[in-house]
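Commentary on secondary and tertiary structure
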Amino acid sequence: MALAFTKMHGLGNDFVVLDATRAPIALDEASARHIADRRFGIGCDQILIVEPPRSAEADFAYRILNADGSESGQCGNGARCFVRYVREAGLTDKRRIVVDIRDGQMTLEALDDDTFAVALGVPQFAPARIPLLGFEQAATYRLDDVAGQSVTFSAVSLGNPHAVIRVPDVATAEVEGIGPALERHPAFPERVNVGFCEIVARDHVRLRVFERGAGETLACGSGAAAAVVTGIAAGDLDADVRVDLPGGTARIHWESADAPAVLIGPAERVFEGKLVSSDQG
Ligand SMILES: N[C@@H](CCC[C@H](N)C(=O)O)C(=O)O
């Protein structure tokens, strides 16, 4: 049977959005990989599934599958696309919506200037939410066997796990070498998203992210929040920060340790279609 979809992106982090509000959509890992395949399928970094709410307080449930078919608990750029999608598909006219995510709830908002705000949740520093084997909670961690070198990083969960490495220049960061090696390092039993962050000023960073299950993407919203909250926690950044990613600019606001990190940025609908092929490539 043909599968109707909408293609969207947030700063070039691209998504196939599926509407499962009327009938459930069951995707196994192989089907998800087929949809995400840029040659044999539609092509995307993540698949976003819009589902009916699981709790009384929520408007919808939001599920995220990476291009490799694995499930994640968070996707910030996807959450902005989620708001645009449900409003433009006529599923709600609310500007502020609450969504059930895998491990909790999140509030999303359509702003007046056609951007979207996502309250990603209160950052949980490792190892509170990220199993980081062999370490106590600390500001930074060091592993000596990542692609043949020592790597120092901060770690935080925004509903999904992130390691953030400070670099002097994102343009020359070893994203393709260190990214996959740290993503799959045995210290991270659930794997990890790896950010490479250059601090430009107290209110401005540059960032590249090697995403768990997707590789380097043009932008990662939860990764932007991870880079900023670890920078604020280290005393190097202010509460409002501009984050320049390869696909464009997002903003992160984080006021205090018990407040959610808020991501603000655009979301675009690109095209709609029907996937007719069940060929798994
Ligand atoms: N692109 C995302 C994050 C998507 C999930 C991530 N790869 C993971 O496995 O946790 C974002 O914008 O936050």
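Residues numbered from 1 in each chain as written. Predicted model: local features only at pLDDT ≥ 70, side-chain atom pairs only at ≥ 80, totals over all residues.

A closer look at the overall build of the protein
Heads up, the condition is: Every helix listed is a DSSP run of H or I at least four residues long, and every strand listed is a run of E at least two residues long, numbered separately from the N terminus. Both definitions apply: the radius of gyration is a C-alpha atom measure, and the globule rule equals 2.2 Å times residues to the power 0.38. We call two residues in contact when their backbone-placed C-beta atoms lie within 7 Å.
What the protein contains, in helices and strands, is 4 helices and 19 strands. Relative to the globule expectation of 19 Å for 281 residues, the C-alpha radius of gyration of the protein, 18 Å, shows essentially globular dimensions. By principal-axis analysis of the C-alpha atoms, the protein measures approximately 50 × 40 × 30 Å. Excluding contacts between residues fewer than 6 apart, the proportion of contacts in the protein whose partners are at least 24 apart in sequence is 65%.

Concerning the domain arrangement of the protein
Rule in force here: Domains are outlined according to an automatic or database domain assignment. Under this grouping Gly is polar, as are all residues other than the nonpolar Ala, Val, Leu, Ile, Met, Phe, Trp, Tyr, Cys and Pro and the charged Asp, Glu, Lys and Arg.
Examined at the domain level, the protein breaks down into domain 1 (2–120 + 267–274) and domain 2 (127–258). Computed from C-alpha coordinates alone, the two centres of domain 1 and domain 2 are separated by 23 Å. Domain 1 puts 20 residues into the contact, and the matching count from domain 2 is 20 residues. Class assignment for the residues of the side of domain 1 that touches domain 2 results in 6 nonpolar, 11 polar and 3 charged.

A closer look at the site of the ligand
Short version of the rule: Should the C-beta atom of a residue, placed from the backbone, lie within 6 Å of a molecule or strand, that residue is near it.
Around the ligand lies a shell of 20 residues, among which Ser-72, Asn-77, Asn-160, Gly-221 and Ser-222 are the nearest. Of all the elements in the fold, those that place two or more residues in the shell around the ligand are strand S4 (60–66), helix H2 (76–88) and helix H4 (221–233). When residues of the shell around the ligand are assigned to their parent elements, the largest contribution, 3 residues, is made by H2. Looking at the shell around the ligand residue by residue, the classes come out as 4 nonpolar, 14 polar and 2 charged.

Some details on helix H1 (residues 29–36)
Three or four residues apart is the spacing at which side chains of an α-helix point the same way, because the helix has 3.6 residues per turn. What counts here: Here exposure depends only on C-beta density: within 10 Å of a residue's C-beta, 20 or more other C-beta atoms make it buried, 12 or fewer make it exposed, and intermediate numbers make it partly exposed, the C-beta atoms being placed from the backbone.
Along H1, the residues that are buried comprise Ala-32, Arg-33, His-34, Ile-35 and Ala-36. Among the structural elements, strand S2 (13–19), strand S3 (46–51), S4 and strand S19 (268–275) are those in contact with the buried residues of H1.

Overview of the UniProt feature "site: Important for dimerization" (unreviewed entry) in the protein
Where we set the bar: UniProt positions are given in the numbering used here, feature names are shortened, and annotations may be inferred rather than shown by experiment.
Per the UniProt record, "site: Important for dimerization" (unreviewed entry) is found at Phe-271. In this structure, Phe-271 sits in strand S19. Owing to 9 C-beta atoms within 10 Å, Phe-271 belongs among the exposed residues under this scheme.

Observations concerning the nonpolar core
Basically, it comes down to this: By our criterion, buried Ala, Val, Leu, Ile, Met, Phe, Trp, Tyr and Cys residues that link up through C-beta atoms within 7 Å make up a nonpolar core.
Of all hydrophobic cores here, the largest spans 83 residues; its most connected members are Ile-47, Phe-82, Ala-224 and Val-228. Per element, the largest residue contribution to this core is 7 residues, and it comes from H4. Three or more residues apiece are contributed to this core by two domains, here domain 1 (2–120 + 267–274) and domain 2 (127–258). Not counting the four nearest positions on each side in its chain, Ile-47 is found in contact with Phe-15, Val-16, Leu-18, Ala-32, Ile-35, Ala-36 and Leu-65.

Regarding helix H3 (residues 175–183)
Stated formally: When we speak of the arc, we mean the arc of directions from the helix axis to the C-beta atoms.
Among all positions of H3, only Ile-178, Gly-179, Leu-182 and Glu-183 are buried. Down the axis of H3, the buried side of the element spans an arc of 125°, and every buried residue falls inside it. Among the structural elements, strand S10 (141–146), strand S11 (149–157), strand S12 (161–166), strand S13 (193–201), strand S14 (204–211) and strand S15 (215–217) are those in contact with the buried residues of H3.

Brief notes about unusual backbone geometry
Peptide bonds are trans in most cases, and residues, glycine excluded, mostly fall at negative phi. We note that Asp-114 has phi near 70°; this positive angle belongs to a residue other than glycine. Counting through the fold element by element, Asp-114 comes out in the loop between strand S7 (104–110) and strand S8 (116–119). Take Asp-114: there are 9 C-beta atoms within 10 Å of it, and that puts it in the exposed class. A positive phi angle, close to 60°, is found at Arg-191, a residue other than glycine. Exposure remark for Arg-191: the 19 C-beta atoms within 10 Å place this residue in the partly exposed category.

What to know about the pairing of S3
Short version of the rule: Following DSSP output, two strands are said to pair if at least two bridges run between them. By definition, the crossover connecting two strands over a helix is right-handed if that path, from the first strand to the second, turns clockwise as seen with the strands pointing away from the viewer.
Across the 6 residues that make up S3, a large majority, 5, are buried. Sheet topology note: the S2/S3 ladder contains 5 bridges and is parallel. In the strand pairing of S3, Val-17 is matched with Leu-48. In terms of handedness, the path from S2 via H1 over to S3 forms a crossover that is right-handed. Where S3 meets S4, 6 bridges bridge the pair, whose relative direction is antiparallel. Opposite Glu-51, over in S4, you have Ala-61 as the bridge partner.

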